[in-house]
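Fold and contact review
Single-letter residue listing:
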Amino acid sequence: MPSAGSPVSLLLYVDDEPALLEIGKIYLEMGTEFLVDTACSAPEALALLDLKSYDAIISDYQMPGMNGIDLLKRVRSVGKQIPFIIFTGKGREEVIIEALNNGADFYLQKGGNPKSLYTELVHFTRQSIQMRQMQLTFDEQQQRIHDLQNATDMIQSVGPDGHFFYVNKRWLEILGYQEEDIFALTLFDIIHEESLDHCMELFKRVMAGETVGTIEAIFMRSDGAKVYVEGIVNCKLVDGKPQYTRGLFKDITGRRVAEYELRNKNQELNKANEELIATHSDLRASEEKFRALVDNSLDGILIIDFSGKLLFVNKAAGTLVDVVDYHGVIGSGNVMEYIAPESQEDVLLDFRQVAAGNDSYHANYKLITALKREIWVESVGRRIRFGDSDAILISIRDITERKKAEDAIRQVNKKLNLLTGITRHDINNQLLILNGYVDLLESELSDQSYERYFRGITKASEQITAMIGFTKEYEMIGVQAPVWLNQKDLITNAGEGAALGTIRLQNDLPEEIEVFADPLITKVFFNLIDNAIRHGGGLTQIRFSLEEGDDGVFIVCEDDGIGIPIEDKEKIFNRGYGRNTGYGLALSREILDITGITIKETGVFGRGARFEIQVPKGHLRSTPMTN
């Protein structure tokens, strides 16, 4: 080992033979000149070169993976001019030439007497170090200073007391100091408190000559901001005493911030994943509840594609059409197999309606079950997403008994209508006779004192005639089943039957709008037009339009006449109210009520009348027009 007070050079000895490394280290360190680090391979040597500065390298030639000349080339390629001695058992001339051409300082062949061999190796090593030191001219020293000053990494040198000997420009830029600030600072002034204890411990170890590997620390800018750094530090020792440290650091603040953000993102993702798992669990529980609800529903529930293919069928739907193995028809059966011929056109039309986004309205169809029974169902369809495709969710209910009852009621009504028609005919005949006798009696009596009695009889007769007319129209309400009717056409037809004169009828309803209503709804539109003409007070226009509000869809009839006083807005719908028979609007409300449609007057008196006909959900649809 070298004695105290002698100059020491640090050598790196590379050989793939551990025994040769051991004996070589012993011989080289016998004097007082050298300290030797050893490496068993070229890659290991390169790693050590990244951590330490060596005064010379001694390398074997033939080593696995990377030989000694390849190592030499790598050292020279990064600009290191460390003295390099090839020490090998290969003595071929071409190897010697290649080594010297690539910058080797000496070439020594192994063999012979060990003492003589290693004495010669010590001589060559000492000589190469001295020669290299002599080659460092003033210009080269200046170049090194320039390179250090303009390096992209932070470079610093610190004395044993912690004061800075040197920092480069990059160090000043990153930490925000001026050159004149440096000599008043110590290392511990620029280390953040989070790293202070750790760095003080490392500083002691480095000053003791220990290799501490890669260091991570937090420096502090002049403004207090954190700067994350990563680097290496070693210490210059003379006679075993620390002279100064040499540190090379990279600013990794951006990487640390990215890692912090990534960590936060991962935490957010983990949280989101946990929430997703919980949501999935809730969805699975909801799906199980939904399936139990659907499977045990008293109404039939189907999911079909737009061709009618059955994608889902519950038990109630299977029971409705007499299919025991209702699971067996899923994916293979088609709903059209159970639709009676007279309802198939309506079903296909409603498929198109739902596909176009017009859904959730009621429809009645006749079905033929698997056992050939004829039944009637009420259906509501809605467009949904099923799997990866659009589909139709359908709820169906057996209304066969209700249909029979309605048919029976219609038959009874027809008989009653026949009876009331005969009765009405007889009453009209008797009124004609009564009016004839009154007319004859009035012509026979010249006494004017009887005039008021004749007027009373005539008025009563006219009232009876009006009542009979009302019963004739009223008995027709509900006789025919509600159907889908095109509203624009009905309004146009009603206008053609009214005495409009110069009054303009503006029909702004969309061409394709249909409403599910009693066929007598055409009388409603006629009454609205007729009342406007009779009582509008000089109006010039009647307009029909369609509006959507918070409460649903409205068919609006409005005019530019005098309007309805606020106190009469509800009275006009009472039977017998008005200047004529007073039955028109009362009859209109009854006709609309058959299918749940309502009517009210909402205009402003003095600006015109406005009637709003509210159509309930499911009773209005938009039908594509055909050429």
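Refer to the structure presented above.
First things first, this report covers the structure right here in the doc. (Residues numbered from 1 in each chain as written. Predicted model: local features only at pLDDT ≥ 70, side-chain atom pairs only at ≥ 80, totals over all residues. Heavy atoms only, no water.)

1. Looking at the pattern of salt bridges
If the charged atoms of two oppositely charged side chains come close together, the side chains can form a pair. Quick reminder of the rule: We count a salt bridge whenever a side-chain nitrogen from Lys or Arg sits within 4 Å of a carboxyl oxygen from Asp or Glu. Counting from the N terminus, the helices are DSSP H or I runs at least four residues long and the strands are E runs at least two residues long. Using a 1.4 Å probe on the protein chains alone, a residue whose accessible area is under 20% of its type maximum counts as buried, one over 50% counts as exposed, and one in between counts as partly exposed.
For the coordinates displayed, the defined rule picks out 36 salt bridges. Salt-bridge contacts for Asp 105 lead to Arg 132; the nearest nitrogen and oxygen are separated by 2.9 Å. With a gap of 27 residues between them, Asp 105 in the loop between helix H4 (93–101) and strand S5 (106–109) and Arg 132 in helix H5 (residues 114–135) connect regions that are remote in the sequence. Since its relative accessible area comes to 22%, Asp 105 is described here as partly exposed. Taking the shortest distance from any N to any O, the salt bridge between Glu 378 and Arg 402 comes out at 3.5 Å. With Glu 378 in strand S14 (residues 374–386) and Arg 402 in helix H12 (residues 400–444), the pair connects residues that are 24 residues apart, well separated along the chain.

2. So, the sheet that holds strand S13 (residues 362–368)
Here is the rule: In short, DSSP must find at least two bridges between two strands for them to pair. Working convention: axes come from line fits to C-alpha atoms, limited for helices to the stretch in contact. Angles between N-to-C directions cover 0 to 180 degrees. By the convention used here, residues are in contact when the closest approach between their heavy atoms is within 4.5 Å.
If you trace the five strands from one edge of the open sheet to the other, you get S12-S11-S15-S14-S13, paired in antiparallel fashion. For this open sheet the edge positions go to strand S12 (310–313) and S13, each flanked by a neighbour on one side alone. The average angle at which neighbouring strand axes cross in this sheet is 35 degrees, direction not considered. Across the sheet, helix H11 (residues 341–355) touches strand S11 (300–304), S13, S14 and strand S15 (389–398), and the angle it forms with S13 is around 140 degrees.

3. Topic: the sheet that holds strand S1 (residues 9–14)
Pairing between sheet strands relies on hydrogen bonds along the backbone, with the strands arranged either parallel or antiparallel. What the five strands build is an open sheet, ordered S2-S1-S3-S4-S5; its pairing is parallel. The open sheet has two edge strands with one neighbour each: strand S2 (34–39) and S5. Each adjacent strand pair in this sheet contributes to an overall mean axis angle of 20 degrees, direction not counted. Across four bridges, the pairing between strand S4 (residues 84–88) and S5 is parallel. Each bridged residue has a counterpart across the sheet, and for Ile 86 the counterpart in S5 is Tyr 107. Sheet strands touched by helix H3 (residues 68–77): S1, strand S3 (56–59) and S4. Its angle to S4, the strand with the most contacts, is close to 170 degrees.

4. Quick look at the packing of helix H2 (residues 42–51) against H3
So the rule is basically this: Geometric relationships in this document are graded by angle, where less than 35 degrees denotes roughly parallel, more than 145 denotes roughly antiparallel, 65 to 115 denotes roughly perpendicular, and other angles denote oblique. Note on convention: the crossing is left-handed when the near helix lies turned anticlockwise from the far helix by less than a right angle, right-handed when the turn is clockwise.
H3 packs onto H2 with a crossing angle of 25 degrees between their chain directions and a minimal axis gap of 10 Å. In this view, H2 runs roughly parallel relative to H3, as classed from their interaxial angle. The crossing of H2 and H3 is right-handed. Contact residues: Ala 42, Ala 45, Leu 46 and Leu 49 in H2; Leu 71, Arg 74 and Val 75 in H3.

5. Re the nonpolar core
What counts here: Only buried Ala, Val, Leu, Ile, Met, Phe, Trp, Tyr and Cys residues count toward a nonpolar core, and they belong to the same one when joined by side-chain atoms within 4.5 Å.
Judged by nonpolar contacts, the single largest core of 35 residues is most densely connected at Ile 521, Phe 525, Leu 528, Ile 542, Phe 544, Phe 611 and Ile 613. In terms of residue count, helix H15 (residues 521–535) provides more of this core than any other element does, six residues in total. When residues no more than four places from it in sequence are discounted, the contact partners of Ile 542 are Leu 500, Ile 503, Arg 504, Leu 505, Gln 506, Ile 529, Ala 532, Ile 533, Cys 557, Glu 558 and Asp 559. Judged by nonpolar contacts, the second largest core, of 28 residues, contains Met 154, Leu 175, Leu 187 and Val 229.

6. Things to note about a nonpolar patch on the surface
The condition that has to hold: Within this analysis, patches are made of residues with over 30% relative accessible area and no salt bridge. Like charges are joined at 9 Å or less; nonpolar side chains (Val, Leu, Ile, Met, Phe, Trp, Tyr) at 5 Å or less. Each accessible area value is a Shrake-Rupley result obtained with a 1.4 Å probe; residue values ignore everything except the protein chains displayed when judging cover.
Taken together, the side chains of Leu 441, Leu 445, Tyr 450 and Tyr 453 make up a nonpolar region of the molecular surface, amounting to roughly 370 Å² of accessible area. By the element assignment, Leu 441 lies in helix H12. By relative accessible area, which is 44% here, Leu 441 ends up partly exposed.

7. Regarding the packing of aromatic side chains
Applied cut-off: Any pair of Phe, Tyr and Trp rings, taking the six-membered ring for Trp, is counted once the centres come within 6.5 Å. Such a pair is stacked with planes under 30 degrees apart, edge-to-face with planes over 60 apart, and tilted for the rest.
Taken as a whole and judged by the stated rule, the model has twelve aromatic pairs. With a centroid separation of 5.4 Å and an interplanar angle of 65 degrees, the aromatic rings of Phe 219 and Phe 249 are classed as edge-to-face. On the criterion of sequence distance, the pair formed by Phe 219 in strand S8 (residues 215–220) and Phe 249 in strand S10 (residues 241–251) is long-range, its members being 30 residues apart. Of the two residues, Phe 219 and Phe 249, both sit in the buried class. Seen from their ring centres, Phe 525 and Phe 544 are 5.9 Å apart, and the 90 degrees between their planes marks the pair as edge-to-face. Here the residue Phe 525 occupies a position in helix H15, and Phe 544 occupies one in strand S19 (residues 541–549), the gap between them amounting to 19 residues. Judged by relative accessible area, which is 0%, Phe 525 ranks as buried. Each member of the aromatic cluster is reached from another via a ring pair, and the members are Tyr 13, Tyr 27, Phe 87 and Tyr 118.

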